[in-house]
Each structure stands twice: as C-alpha cells, then as structure tokens.
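Examining the three-dimensional arrangement
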Amino acid sequence: MFKKWIKKIAGPEGELKEPSSQEPVEQTEAEEPVINSSAQESPEPSDQSDPVQEKGMKAGTPRLGLFKRLKEQMGKTRGGFVRQMDQLLLGRQEIDPELLDELEELLVMADMGVTTVQDIFEKLRAEVKKKELQDPLALRERLKEQIADLLKVPSTQITWTPNPFVVLVIGVNGVGKTTTIAKLAYRLKQEGKNVLLVAADTFRAAAVEQLETWGKRIHVPVIKHSAGSDPSAVTFDGIEAAIKRDVDVVIVDTAGRLHTKVNLMEELKKISRVISKKIKEAPHEVLIVLDATTGQNAISQANLFSEAVGVTGIVLTKLDGTAKGGIVVSIADQMQIPIRFIGIGEKMEDLRQFDPEEFVEAIFAEG
C-alpha cells in the first residue's frame, strides 16, 4: 500500500544532500595566522546589538518548566500527525482494517519511515487479530508505548571522563552545527566543566570567526588557525592545549562540505587519527548534528558519516520547526545510535538532553 507515496519521501539512496537553509555566514577577511594557536581573549563589550540577546540566548533567561517548554516547542508535531491521528480515532467504535491503513499512512507521512511503521503495524495487526487490542482509544496508548520503546536505543550515558574528554562534532553545513557546539559548551560550562573549542572547520567562509564569536560570548576559549589551514594541524594544537591547560572537555568543530564527499570523509578520518594519537581511545564521543526538517535525508547523512568515523551519538536540531517529528523515531530505530540531545529552540537552554519517555509524553500531551 506504500507504492503511491513512497517516492515522495525517499530520496536517492546514499546521497549526501545539504539542507537548503544554510548557517548564517559573516563575510569577513581572514585574520593573520595564530602562530601559537592560543585561544583568543574575549573583547570588550561592543555597543552594537548582540544577536545572542536578540534571539533570547542570553544566559539566565527565565525559562518555563522543562516539560512545559518541551511540550510548547513540540507544538507543530503535536498539531501535525498526533492531531490528525486523534481526529481519525474520534468517534470510532472499533479497530477495523481501514483505520489501521489510514493510521499507517499518516505515520509514514510524518517521516517515521516506511520500515519502522511497517514493523509497528505488523505488531498492532497481530494484537487486533488476537483480540488483545479492540478499543480505538487503547490503540492510541499502544502506539504511544511502541514509539517510546523504539526510542530507547541501548546505550551508556556520557560521563564526560577521562580528562580531557574529546567530542568530535560532524555534519553537513546548514544543520546548526556551530550553534549546537556553542549550546553544548554553554551547558557543560554551567555544569562547572572547563571547556575548550577547536575550530577545525577551516574550509567554510568565516566558520572560524563564527566559532570564535560564540566562544567570546559564552566565555569559552577557542583554538584556531587562519582560514584555509590544515584542519588536522588545528586539531593537534587544540588537543595539546587541552592537555596543558587541564581542560575537562574539548569540542572539535569540523567541515561539512569539501569539493567531494570522499574528500570530506577522508579529512574526518585524518582528524580522528590525529586525536587518537594524542589521547588513547579518543575521540570519546562522535556527535553528528542532523536537521529534523530534512526528513529521511538525515538518515542518509548519518549512514555516510558513520561509515567514515563511527558515530556514537546524534544531536537532532530544529525539532521546533517541523510538524514531522516522526523523524526522531525513524532515526533511532533505523540507525540504532542513541539520540544524545535535541534542539527545540533558539535559547541556549533549548539544547536538551534527550529523554525518550519525556519526548513521547510531550508530543502526545493534551492541549
């Protein structure tokens, strides 16, 4: 029954597409090389307006309760497929094949993935056939339970030890990688950790300056070279600096686009080797940043990057901007890689540690 719309949701297999919305780039001239790779000190406060404050990113911004904030920011998803599901179930007295077919199509169109949805409904149909599931309202609860179970990918919590704990952050341009790094650094700093950023994306115009600007705003040092430098050399200097300064966590930014896909993957492998030579078993965490609004293409990106450097965790951004929050379920089920964090807004606090049960409760909540 999937043939009529499967082509709408599946792009060319293995194709590494970049999202249409690119990260904002400030076109400035490259600075002179920083010969000793020392982190730059924060400048005196500027009289100009600060985009961090304009977007509500200033530290200490009053927050709603954590669950209430999550529920509020996931409103598009709740108002999308969850609301449509509730409308389908409204007034139904029994679970018939037509209802199951409509629900199945609805979940696929919410970017939950054909394979994932088929697995869910194979189990549901078996329960209906055995008369273990007969009430349409009970069907809603059963769906909720199955989705929560799929999101619980077996994994260990990040302990952020030993020191320095190295996090390699990867992903294509435009997914919000630099902003995510800043939010993660801010989060860790709030927890009392000494954080260092490494600007190893030396290929994208103004990428180094972007990360340096974020570092100054959240008062986290940045190791950099000039634009166009060897990313591995920057990484080497960054790890050396982290060891000398007794840093707790090092976050390494990387390029999201080179001339070819092969070049990008080879560069990431090289950076990873440089890190592991300096610190045994590092990088300790390889986080891929994916844009939730790109749908199933996010899974293609995750597969390609994982083949190159072995992704250990996922950060899913822009969840507040899509009605198709089902992509979270699809990624967790198909990739079997834990979702570590989700981005649900522009505030610094909106990078949230992912909690499967809390997430499901938020999108299925009433009102």
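Reading the values: rules and limits
- Residues numbered from 1 in each chain as written.
- Predicted model: local features only at pLDDT ≥ 70, side-chain atom pairs only at ≥ 80, totals over all residues.
- Heavy atoms only, no water.
- Helix = DSSP H or I, 4+ residues; strand = E, 2+ residues; numbered from the N terminus.
- Buried < 20%, exposed > 50% of the residue type's maximum accessible area, 1.4 Å probe, protein only.
- Pairing = 2+ DSSP bridges.
- Right-handed = clockwise from strand over helix to strand, strands pointing away.
- Salt bridge = Lys/Arg side-chain N within 4 Å of Asp/Glu carboxyl O.
- Polar contact = N/O pair within 3.5 Å; in protein donor to acceptor, adjacent residues only side chain to side chain.
- Contact = heavy atoms within 4.5 Å.

**Examining unusual backbone geometry**
Between N163 and P164 the backbone carries a cis peptide bond, its omega angle lying at -5°. For P164, the location among the structural elements is in the loop between α7 (136–151) and β1 (165–170). A cis geometry characterises the amide bond from A282 onward to P283, with omega recorded as 0°. Tracing the sequence through the fold places P283 in the loop between α11 (261–278) and β5 (285–291). Although it is not a glycine, W160 adopts a positive phi angle of roughly 60°. Structurally, W160 is set in the loop between α7 and β1. Not every positive phi belongs to a glycine, and E281 is a case in point at roughly 65°.

**A short note on helix α5 (residues 97–112)**
Taken together, the buried positions of α5 are occupied by L99, L100, L103, E104, L106, L107, V108, A110, D111 and M112. Of the residues one or two after α5, G113 is the one with positive phi, at around 90°.

**A closer look at the pairing of strand β6 (residues 313–317)**
Of all 5 residues in β6, 5 are buried; the element is thus mostly enclosed. A two-sided burial pattern is seen for β6, the buried positions comprising G313, V315 and T317 on one face and I314 and L316 on the other. By the bridge criterion, 5 bridges tie β5 to β6 in an arrangement that is parallel. Bridge assignment links L290 to a residue of β6, and that residue is L316. On the question of chirality, the crossover connecting β5 to the parallel β6 by way of helix α12 (residues 297–309) is right-handed. Where β6 lies against strand β7 (residues 339–343), 3 bridges are found, and the strand directions are parallel. When the sheet's bridge partners are listed, I314 is paired in β7 with I339.

**A closer look at the pattern of salt bridges**
All chains considered together, the criterion is met by 23 salt bridges. Among the ionic pairs, R69 bridges to D350, the shortest N-O distance being 2.6 Å. Linking R69 in helix α3 (residues 66–73) with D350 in the loop between β7 and β8 (351–353), this pair joins segments that are 281 residues apart in sequence. With respect to class, R69 is no different from D350; both count as buried. A salt bridge links E240 to K278; the nearest nitrogen and oxygen atoms lie 3.2 Å apart.

**Side note on the side chain of T202**
Along the chain, the position of T202 falls in the loop between β2 (195–199) and α9 (207–218). Within polar-contact distance, the side chain of T202 engages the backbone oxygen of S229 at 2.6 Å. Non-local contacts of T202, meaning those with residues more than four positions away in its chain, are made with V208, S226, A227, G228, S229, P231 and V234.

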